[in-house]
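Structure assessment
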Amino acid sequence: QEALEAAHHEVLGSLKNAMSRFARPWAIALNDAHRARLGPIAFGYRASTAEIPFGYQLQSYRKGALVLHMLRVLLRNVSKSDDLFVSVLRDFVASNDGREATTADFVAALTRKAPGKWNWFFEQWIDGTAIPTYSWSSTTTTAANGGVILSLQVRQSGVPGFRMPVPVRLEFADKSSGQIVVLVAKPDETFTIPLPKKPSKVTFNPGLAVLAVVKKD
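A brief structural summary. (Residues numbered from 1 in each chain as written. Predicted model: local features only at pLDDT ≥ 70, side-chain atom pairs only at ≥ 80, totals over all residues. Heavy atoms only, no water.)

1. Structural notes on the nonpolar core
As a reminder, the rule being used: Think of a nonpolar core as a cluster: buried Ala, Val, Leu, Ile, Met, Phe, Trp, Tyr and Cys residues, connected wherever their side-chain atoms sit within 4.5 Å. The cut-offs for exposure are 20% and 50% of the maximum accessible area for each residue type, with area from a 1.4 Å probe on protein chains only; residues under the lower value are buried, those over the upper are exposed, and the others partly exposed. In this text, helices come from DSSP runs of H or I with a minimum length of four residues, and strands from runs of E with a minimum of two, each type numbered from the N-terminal end. Note on contacts: a residue pair is in contact if any heavy atoms of the two residues lie within 4.5 Å.
Membership of the largest hydrophobic core comes to 54 residues, with the highest contact counts inside it found for Phe121, Met164 and Phe204. Looking at this core element by element, the count peaks at 7 residues for helix 3 (residues 55-79). Setting aside residues no more than four positions away along its own chain, Phe204 makes contact with Tyr134, Trp136, Leu152, Val154, Val166, Pro167, Val168, Val182, Val184 and Val214.

2. Things to note about the packing of aromatic side chains
What counts is decided by this rule: Here a pair means two rings of Phe, Tyr or Trp (six-membered ring of Trp) with centres within 6.5 Å. Their orientation is stacked below 30 degrees between planes, edge-to-face above 60, and tilted elsewhere.
Counted under the stated rule, the structure contains 9 aromatic pairs. Centroid distance Tyr134 to Phe204: 5.6 Å. Interplanar angle 75°. Geometry classified as edge-to-face. Residue Tyr134 is located in strand 1 (residues 133-142), and its partner Phe204 is located in strand 6 (residues 201-204); the two are separated by 70 residues in the primary sequence. You'll find Tyr134 and Phe204 in the same group, each marked buried. Consider the rings of Trp136 and Phe204, whose centres lie 5.8 Å apart with planes at 25°: the pair is stacked. Of this pair, Trp136 sits in strand 1 while Phe204 sits in strand 6, and the two are 68 residues apart along the sequence. Note on accessibility: Trp136 and Phe204 belong to one class, buried. Through pairs of rings, three or more aromatic residues link up here, namely Phe92, Phe106, Trp120, Phe121 and Phe122.

3. Description of the environment of Met70
Residue position: Met70 is located in helix 3. The spacing of Met70 and Val210 is 140 residues in sequence and 5.8 Å in space, taken between C-alpha atoms. Aside from chain neighbours lying at most four places away, what touches Met70 is Phe121, Trp125, Met164, Ala209, Val210 and Leu211.

4. Comments concerning unusual backbone geometry
Positive phi values are uncommon outside glycine, yet Lys80 reaches one of about 70°. Mapped onto the fold, Lys80 is located in the loop between helix 3 and helix 4 (83-95).

5. As for the pattern of salt bridges
Applied cut-off: Think of a salt bridge as a Lys or Arg side-chain nitrogen and an Asp or Glu carboxyl oxygen that are within 4 Å of each other.
If you walk through the whole model with that rule in mind, you get 11 salt bridges. Residues Asp32 and Arg35 are paired through a salt bridge, measuring 2.6 Å at the closest nitrogen-oxygen approach. Of the two residues, Asp32 and Arg35 both sit in helix 2 (residues 32-36), 3 residues apart, roughly one turn of that helix. Asp32 gets classed as exposed once you look at its relative accessible area, which sits at 52%. Notably, a salt bridge pairs Arg169 with Glu171, separated by 3.5 Å at the nearest N-O pair. By relative accessible area, which is 34% here, Arg169 ends up partly exposed.

6. Here's the deal with the layout of surface pockets
Counted only if it meets this: Note on definitions: the grid is 1 Å and covers protein atoms alone; a cavity is a set of points where a 1.4 Å probe fits but cannot get out; a pocket is an open set with protein on both sides within 12 Å along at least five of seven lines; lining residues have an atom within 4 Å of a point. Grid points are joined across faces, edges and corners, and a volume is the space filled by probe spheres set on the points. Side-chain classes are defined by residue name, with Ala, Val, Leu, Ile, Met, Phe, Trp, Tyr, Cys and Pro counting as nonpolar, Asp, Glu, Lys and Arg as charged, and the others, Gly among them, as polar.
As a volume, the largest pocket reaches approximately 450 Å³. In terms of lining residues, the largest pocket is bounded by 18 residues, among which Ile41, Ser60, Gly64, Thr103 and Ile126 are the most central. For the lining of the largest pocket, the elements supplying multiple residues, two or more each, are helix 3, helix 5 (103-113) and helix 6 (119-125). Looking at the lining of the largest pocket residue by residue, the classes come out as 13 nonpolar, 5 polar and no charged. Taken as a whole, the second largest pocket encloses approximately 330 Å³ of empty space. If you trace the second largest pocket, you find 16 residues lining it, with Val11, Arg35, Ala36, Thr129 and Ile131 closest to the centre. Contributions of two or more residues to the lining of the second largest pocket are made by helix 2 and helix 3. Grouping the constituent residues of the lining of the second largest pocket by class yields 8 nonpolar, 5 polar and 3 charged.

7. A look at the sheet that holds strand 7 (residues 213-216)
Applied cut-off: Should DSSP find at least two bridges between two strands, the strands are regarded as paired. Orientation is described by lines fitted to C-alpha atoms, with helices fitted over the stretch in contact, and by angles between N-to-C directions that extend from 0 to 180 degrees.
The mixed open sheet is built from 4 strands, whose spatial order is 5-2-1-7. Edge positions in the sheet fall to strand 5 (188-195) and strand 7, since each has one partner strand and no second. Pairs of neighbouring strands in the sheet enclose a mean axial angle of 25°, with direction left out of account. For strand 1 and strand 2 (residues 148-157), the ladder comprises 10 bridges, and the chain directions are antiparallel. Residue pairing across strands places Thr140 opposite Leu150, the latter belonging to strand 2.

Written out as structure tokens, the structure reads:
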């Protein structure tokens, strides 16, 4: 978690975790305008700019690690464990042993183990540079059946045409907990979720599941 936090804040241009043992303080680009000119991961060394000459390392090694973490979370939401993610990595290594591998080779390994259309994920995170900002709030009301209705309001900005499944962690007074996943695909959405009881705590995007700026309204 500490390593994730260090990479997360470096990519976002924040000094928050600069003292972490996993931090690379020299890789923190504080200027928003300079950071916006960085190329995507897909550009390789060409992602660097005159203002951020270490942009390749920042994008490929720091953001790249966060992209793999996001994929791991997505697959865990489907399979309920990390086994599927590990299987994809092993397939990728075995299939490309001894030769140069590409992003397309990785997508092929992913599709073999988790059939489906994954182009959207790689187009957003590998071919693009946009990072979403999520502003969120939640309220609860009592349902007619005695349960609870959780209303989750999410505003997405900075990423036109972007969509991403985002986990939401729910904690209850009896120490139990659970998780739901909402697909954020619009600038402004309200998700209505029936629950058996009122949560004592709601956490949007726990564990840095998605690379994003998260603000609670």
